[in-house]
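# Fold and contact review
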Amino acid sequence: MEKNKSKEDTKSVCLKSTRPVHLDKDIKSFEIASSKLLITKPVNLDEAIEIVGFGSFHYYILFICGSLFAAISISVTSVSFIIPSAQCDFQMTSVHKGVLNGASMIGMFFGCFISGYMADSKGRKYTLVVCMMIDGIFNLISSVSQIYPVLIFCKLMSGFGVSGVTVFYSYLGEFVNSKNREKFLCWMELFWTFGVILLPCIAWIVIPQTFRIEYGFFLFRSWNLFAVICSLPSIIFSCLLVKLPESPKFLLAKGKHDETVDCLKFVYRWNNKTDDEFPVTSLTLPDCCVNEQNNSFFNGLYKSILELFTSKFKVVAMNTCMIQFCCTASFYMMVLWFPELMNRFRWYETLYSGPKNMTNMCEIVSLFKIEPEEIDLKCNDEIDQSVYENILIIGIACIPTSIIVPLLVNRFGIKFFLVLSFFGSGLSAACLYFITSSFENIVLSSVFEALSSMGIGLIFCISVELFPTEYRGVAVSIGSMFGKIGAVIGNIVVGVFIDAHCMVPILVSCSFLIISGLLVLTLPKTGRTAMK
């Protein structure tokens with residue numbers, strides 16, 4: 001009897017309370033018991049997040065942010081369906097198509113500077129809401145554009161809004177404990193995949209419709225309605241995001257102690273479905289607590305970037321910038337042109353009357369070359385049904401990687417999957433040169449999309465853990481900015497060389513992906529560590 005009592009006493013913990021609590025072996029019992037106590041001693045934020053637990057709030061915030069991530073997927077890739085269906089309305093050549101593809105990337109380039117600074121100065125949630133509303137509103141305006149320059153401007157501003165995509169990972173990661181963080185962030189890729197699958201389904205239903213609404217100069221066709229539908233998710237889910245709290249790590253980094261505690265209380269009550277008082281009443285302020293300063297916007301932006309690249313994280317920041325440049329350039333260089341390439345393969349297999357003895361993709365693609373003066377004679381804005389089917393297959397092919405990575409990331413680590421994705425997608429890009437049929441095209445396109453999109457998502461995940469709170473928003477956004485520079489260059493390269501020298505974009509894409517895989521090996525190790 002005395003022996004048992006002695007063992008029980010060793011499990012007693014006094015949490016600065018009026019009475020000791022006897023803990024079970026079951027951790028749940030501790031959580032229930034501790035919820036009825038008040039911890040008066042200042043607690044580290046990571047410890048407070050552990051007390052908050054992992055539950056229904058985190059699944060809901062993942063759903064909202066994931067849905068917005070899918071909305072970005074739809075927004076960015078919808079242009080690949082708009083181009084072939086609107087090319088006659090705007091009399092677009094291959095160069096025009098490349099510029100339209102690159103317009104959103106240019107917007108993302110400039111937006112990355114601003115969204116990163118806003119995320120670190122104004123807040124993660126604030127930045128996300130503003131950016132996603134910009135994306136939705138300008139996509140809506142683009143749906144009624146009647147001239148090519150207006151369409152370009154709207155896509156540029158949509159890209160400016162989409163630049164906030166990098167903030168999702170910071171916002172989500174700062175709510176989650178170290179045990180669940182990597183797995184939690186990796187699930188975001190599944191939502192991107194859902195967007196890739198949903199987009200061709202919407203396009204397949206809407207774009208083949210033949211209605212025309214004309215009123216003087218105004219013309220509204222099926223592709224316009226398609227653009228309207230693609231703009232709605234960003235607007236709808238932005239409104240839902242407004243109801244969620246700001247990131248606790250951001251609030252504490254800004255010295256907003258009381259607001260941080262209130263945020264944790266909100267999450268705690270949601271997770272535990274209880275009205276019990278949150279046991280933590282005081283938090284330890286971080287060493288580098290950043291106070292609000294009355295700097296001008298551009299002065300604050302300059303200081304944020306300067307501080308990052310003069311800190312001990314400068315080498316890691318430069319490394320991630322190079323990786324983002326290479327992998328994003330390769331991804332957009334190929335993915336945004338897949339519908340166009342599929343159209344050309346379908347044309348070659350069904351309508352081309354010449355000798356069908358081509359030995360590689362470039363020979364087939366070059367047959368479809370359209371000169372500017374021939375647009376009115378040869379223009380065809382119909383998208384073959386097989387294109388929708390193929391893009392849908394590509395999206396479905398991404399599901400396995402989107403599920404496997406979150407389940408195994410804690411075992412093998414993010415770096416393992418990053419290297420695998422970049423080397424694998426680089427090899428598939430090289431093999432594109434040798435394809436001569438639609439079937440070979442869809443197989444390699446599926447492999448490329450699945451692996452390269454996984455790599456881009458994972459580089460955002462690992463970046464969240466590589467940088468502390470005060471640099472995280474700017475660091476991730478600058479990396480993304482370099483990615484958009486690559487995407488712009490990549491789209492222009494494809495637009496210029498796709499007809500006459502298509503070997504060039506294939507070679508560039510393959511080389512960039514291999515370089516990305518090698519650079520990943522130099523990044524610091526990440527894992528189950530507390531975020532700074």
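Let me begin by describing the structure that accompanies this report. In this text the structure is predicted, and so the values were computed from the model without any measurement.

On to the overall build of the protein chain. A tally of helices and strands in the protein chain yields 25 helices and four strands. With 532 residues in all, the protein chain has 57% of them scored as buried. Partitioning the intrachain contacts of the protein chain with sequence separation of at least 6 by distance along the chain shows that 83% fall at a separation of at least 24. Of the accessible surface of the protein chain, which amounts to about 22,600 Å², a share of 64% is contributed by carbon and sulfur atoms.

Moving on, we get to the state of the cysteines. Counting across every chain of the model gives zero disulfides. Note on cysteine 510: no disulfide assigned, nearest cysteine sulfur contributed by cysteine 431 at a separation of 8.5 Å.

The subject of this paragraph is the pattern of salt bridges. Note that side chains of opposite charge can pair when their charged atoms are close. Applying the stated rule across the entire model yields seven salt bridges. Among the ionic pairs, aspartate 120 bridges to arginine 124, the shortest N-O distance being 2.6 Å. Arginine 124 shares its class with aspartate 120; the two are buried. The salt bridge partner of glutamate 214 is arginine 212, with a shortest N-O separation of 3.2 Å. Taken together, the salt bridges that share partners define one network made up of Asp120, Arg124, Glu174 and Arg472.

With that out of the way, let us pick up the packing of aromatic side chains. Aromatic ring pairs are defined here through the distance separating the ring centres and the angle between the ring planes. Applying the stated criterion to the full structure yields 29 aromatic pairs. A ring pair is formed by phenylalanine 218 and phenylalanine 220, whose centres lie 6.3 Å apart and whose planes are at 20°; its orientation type is stacked. With a relative accessible area of 29%, phenylalanine 218 lands in the partly exposed category. Judged by its relative accessible area of 14%, phenylalanine 220 falls in the buried class. Here the aromatic rings of phenylalanine 412 and phenylalanine 417 are separated by 6.2 Å at their centres, their planes lie at 85°, and the arrangement is edge-to-face.

A word on the side chain of asparagine 319. Inspection of the secondary structure assignment puts asparagine 319 in helix 16 (residues 314-335). Asparagine 319 gets classed as buried once you look at its relative accessible area, which sits at 13%. The contacts of asparagine 319, once residues within four sequence positions are left out, are Leu519, Thr522 and Leu523.

Further remarks concern helix 12 (residues 222-241). Between its first and last C-alpha atoms helix 12 spans 30 Å; for 20 residues at 1.5 Å apiece the expected length is 28 Å, and the two agree. Every buried residue of helix 12 is listed here: Ser222, Trp223, Asn224, Phe226, Ala227, Cys230, Ser231, Pro233, Ser234, Phe237, Ser238 and Leu241. Against the buried residues of helix 12 lie helix 4 (56-77), helix 5 (79-90), helix 7 (124-142), helix 9 (165-173), helix 11 (188-206) and strand 4 (218-220).

Attention shifts here to the nonpolar core. Counting 141 residues, the largest nonpolar core has Ile61, Phe81, Phe168, Phe226 and Phe338 as the members making the most contacts within it. The leading source of residues in this core is helix 23 (residues 438-466), at 13 residues. Ignoring any residue separated from it by four or fewer positions in sequence, one finds phenylalanine 168 in contact with Cys65, Leu68, Phe69, Ile72, Leu128, Met132 and Met188.

Okay, empty space enclosed by the protein next. Under the defined criterion, the tally for this structure stands at nine cavities of 30 Å³ or more. Each pocket or cavity is described by its volume, and for the largest cavity that value is around 170 Å³. Around the largest cavity, the lining is made up of 17 residues, and of these Phe69, Trp192, Tyr332, Ile456 and Phe460 lie nearest the centre. Going through the elements one at a time, helix 4, helix 9, helix 11, helix 16 and helix 23 are the ones with two or more residues in the lining of the largest cavity. With four residues, helix 23 is the single largest residue contributor to the lining of the largest cavity. Taken together, the residues of the lining of the largest cavity break down into 12 nonpolar, three polar and two charged. Considering only enclosed or pocket space, the second largest cavity measures out at about 120 Å³ in volume. Elements with a minimum of two residues in the lining of the second largest cavity: helix 5, helix 11, helix 17 (338-350) and helix 20 (385-397). Broken down by element, the residue count for the lining of the second largest cavity peaks at three residues, all from helix 11.

Reading the values: the criteria
- Residues numbered from 1 in each chain as written.
- Predicted model: local features only at pLDDT ≥ 70, side-chain atom pairs only at ≥ 80, totals over all residues.
- Heavy atoms only, no water.
- Helix = DSSP H or I, 4+ residues; strand = E, 2+ residues; numbered from the N terminus.
- Buried < 20%, exposed > 50% of the residue type's maximum accessible area, 1.4 Å probe, protein only.
- Contact = heavy atoms within 4.5 Å.
- Areas by Shrake-Rupley, 256 points an atom, 1.4 Å probe, with all protein chains shown as cover.
- Disulfide = S-S within 2.5 Å.
- Salt bridge = Lys/Arg side-chain N within 4 Å of Asp/Glu carboxyl O.
- Phe/Tyr/Trp six-rings, centres within 6.5 Å; stacked < 30°, edge-to-face > 60°.
- Expected span 1.5 Å × (residues − 1).
- Core = buried A, V, L, I, M, F, W, Y, C linked by side-chain atoms within 4.5 Å.
- 1 Å grid on protein atoms, 1.4 Å probe; cavity = no way out; pocket = protein on both sides within 12 Å on 5 of 7 lines; lining within 4 Å.
- Points joined across faces, edges and corners; volume = space filled by probe spheres on them.
- Nonpolar A, V, L, I, M, F, W, Y, C, P; charged D, E, K, R; others polar.

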